[in-house]
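Spelled out from the first residue to the last, the chains are:
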Amino acid sequence: MEELRIEANGNLGPIDSSRIPRYAGAATYARLPRLDQVAKADVTVVGVPFDSGVSYRPGARFGANHVREASRLLRPYNPAWDVSPFENIQVADAGDMAVNPFNINEAIETIQQNALDLTAAGSKLLTLGGDHTIALPLLRAAAERAGGPIAMLHFDAHLDTWDTYFGAAYTHGTPFRRAVEEGILDTEAISHIGTRGPLYGKKDLDDDHRFGFGIVTSADVYYQGVLETVAKVRDRIGNRPLYISVDIDVLDPAHAPGTGTPEAGGITSRELLEIIRGFRGMNLVGADVVEVSPAYDHAEITGVAASHVAYELVTLMADNAVPGSRFGKETGYQAQAIGQEARRPAGFAAATKE
Ligand SMILES: N=C(N)NCCCC(=O)O
Ligand SMILES: [Zn+2]
Ligand SMILES: [Zn+2]
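In this numbering scheme, every chain counts its residues from 1 along its sequence in written order. To label them, take the chains in the order written and letter them from A, then take the ligands in the order written and number them from 1. Since the coordinates come from a predicted model, pLDDT governs what is reported: local features require at least 70, and pairs of side-chain atoms require 80 or more to be given and counted, while whole-chain, interface and lining totals use all residues. Side-chain metrics in this entry use all non-hydrogen atoms of the structure; hydrogen atoms and water are not considered.

## Here we look at the site of ligand 1
Stated formally: The cutoff for a nearby residue is simple: one of its non-hydrogen atoms must lie within 4 Å of the molecule or strand. Here a polar contact means two N or O atoms within 3.5 Å. Within protein one must be a hydrogen donor candidate and the other an acceptor candidate, and residues neighboring in sequence count only if both atoms are side-chain atoms. Accessible surface area values rest on a Shrake-Rupley calculation with a 1.4 Å probe, where residue burial reflects the displayed protein chains alone. Residues were grouped as follows: Ala, Val, Leu, Ile, Met, Phe, Trp, Tyr, Cys and Pro as nonpolar; Asp, Glu, Lys and Arg as charged; and all remaining residues, including Gly, as polar.
Around ligand 1, the neighbouring residues are Ser55, His132, His158, Asp160, Trp162, Tyr165, His172, Tyr200, Asp247, Asp249, Thr261 and Glu291. One of the side-chain nitrogen or oxygen atoms of Asp247 is found 3.1 Å away from a nitrogen atom of ligand 1. In the complex, 92% of the free accessible area of ligand 1, which totals 310 Å², lies under the protein chains. The residue inventory of the shell around ligand 1, partitioned by class, reads three nonpolar, five polar and four charged.

## Focus: the coordination of the zinc ion (ligand 2)
We count it as follows: Atoms of type N, O and S within 2.8 Å of a metal are treated as its donors, and for Na, K and Ca the window is 3.2 Å; water is not considered, so some sites may appear to be missing partners. Numbering goes from the N terminus for both helices and strands, where a helix is a DSSP run of H or I of at least four residues and a strand is a run of E of at least two. Any residue under 20% of the maximum accessible area for its type is buried, any over 50% is exposed, and the rest in between are partly exposed; the area is computed with a 1.4 Å probe on protein chains only.
The coordination sphere of the zinc ion (ligand 2), as far as protein atoms go, consists of Asp156 (OD), His158 (ND1), Asp247 (OD), Asp249 (OD) and Asp249 (OD), spread over 2.1 to 2.4 Å. Sequence spacing among the residues donating to the zinc ion (ligand 2) works out to D-x1-H-x88-D-x1-D. The distance between the zinc ion (ligand 2) and the zinc ion (ligand 3) is 3.2 Å, with Asp156 acting as a donor to both metals. Taken together, the positions of Asp156 in the loop between strand E6 (150-155) and helix H5 (175-181) and Asp249 in the loop between strand E9 (242-247) and helix H8 (269-277) put the pair 93 residues apart, joining distant regions of the chain. On the basis of relative accessibility, which here comes to 0%, the residue Asp156 falls in the buried class.

## Focus on unusual backbone geometry
Gly129 connects to Gly130 through a cis peptide bond whose omega is 5°. Note that Gly130 resides in the loop between strand E5 (124-128) and helix H4 (135-146). Not every positive phi belongs to a glycine, and Leu4 is a case in point at roughly 45°. As for its placement among the helices and strands, Leu4 is situated in the segment before strand E1 (5-8). We classify Leu4 as partly exposed; its relative accessible area is 26%. The backbone of Glu291 shows a phi angle near 70°, a positive value even though the residue is not glycine. Structurally, Glu291 can be placed in the loop between strand E10 (284-290) and helix H9 (301-321). Residue classification places Glu291 among the buried residues on the basis of a relative accessible area of 1%.

## Structural notes on the pattern of salt bridges
Worth spelling out the cut-off: Each salt bridge in this description consists of a side-chain nitrogen of Lys or Arg and a carboxyl oxygen of Asp or Glu lying within 4 Å of one another.
According to the stated counting rule, one finds 22 salt bridges in the structure shown. The salt bridge partner of Glu69 is Arg72, with a shortest N-O separation of 2.9 Å. When its relative accessible area of 11% is taken as the criterion, Arg72 is described as buried. With its nearest N and O atoms 3.5 Å apart, the salt bridge here joins Asp207 to Arg177. With Asp207 in helix H6 (residues 202-211) and Arg177 in helix H5, this pair connects stretches of sequence that are 30 residues apart. The burial state of Asp207 is the same as that of Arg177; both residues are buried. Within the structure, one salt-bridge network assembled from shared partners comprises Asp163, Arg177, Arg178, Glu181, Lys203, Asp207 and Arg210.

And the structure:
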């Protein structure tokens with residue numbers, strides 16, 4: 001069957017869902033072309049079907065395909081930004097990395113090498129996990145491409161800076177401790193957002209603080225709101241090369257039941273999407289969305305949330321790729337907003353201006 005894609009600016013976009021039913025055919029992320037269908041990609045979406053690093057419920061090895069399936073309803077224009085991401089840049093889906101489920105060290109090597117290969121010609125990477133173990137090799141590759149330590153924002157219920165589990169150093173609870181030890185993070189510019197839930201002891205926080213992490217807890221997001229959260233983060237990170245790692249369990253289990261280590265009291269999907277929109281203009285060099293475990297999902301709630309989070313991340317990358325700033329301009333939804341001042345006070349515009 002002919003694919004009937006939307007094309008603009010020389011970029012091959014998604015299959016046109018007004019001409020081919022969106023539920024038809026094999027799923028790629030957002031119905032985008034496969035990497036082998038395009039000459040080059042500015043952003044490559046890739047799946048990492050790996051969950052051998054989990055400490056509780058398994059299943060994130062099926063996450064990437066679940067997110068792809070749940071992404072069929074995404075439309076090509078993002079009115080929150082007034083951006084059509086797949087027109088601005090070429091985005092393509094590279095399919096899944098072939099990682100060894102029985103050997104974590106080898107899996108980490110494979111992920112790092114594949115990430116380097118996929119970014120060799122200048123593409124950025126947006127990775128769909130997989131458990132959080134995969135963030136370590138992805139960060140290594142991103143730091144190598146950036147030419148030095150990078151800033152990181154880590155959305156998660158958990159710190160993931162623990163030391164070992166059962167003596168194992170490479171697990172989904174330890175990637176960011178390893179990353180700090182390896183010197184690949186700019187420790188002046190790393191932060192967790194959405195942290196909550198019981199810890200093993202107070203030492204967890206002491207260690208985390210010593211590594212340089214700032215923390216915006218889930219409760220902070222509630223009490224301070226999206227605007228102050230965004231302002232604090234922008235202040236801390238500025239224009240540094242930034243990697244964003246999103247563990248979907250940052251969302252409340254009501255918004256993301258399909259995950260392996262759920263914690264009550266999380267942020268909403270609306271808050272997460274709005275926080276990412278507040279990062280407009282920041283220098284995003286790579287991102288992942290991890291820990292989607294479809295067997296625990298219901299009605300694609302988690303898959304849909306993850307697919308939209310990835311869409312906002314790719315929009316941030318696509319927005320940056322186009323010269324000229326739209327900051328402060330009333331476009332898209334904003335142009336038609338009623339009571340805009342009340343809803344998004346001047347501070348937000350100021351906070352999102354470079
Ligand atoms: N979901 C991630 N990435 N980490 C959770 C580790 C929680 C624990 O086993 O204590
Ligand atoms: Zn987590
Ligand atoms: Zn995590």
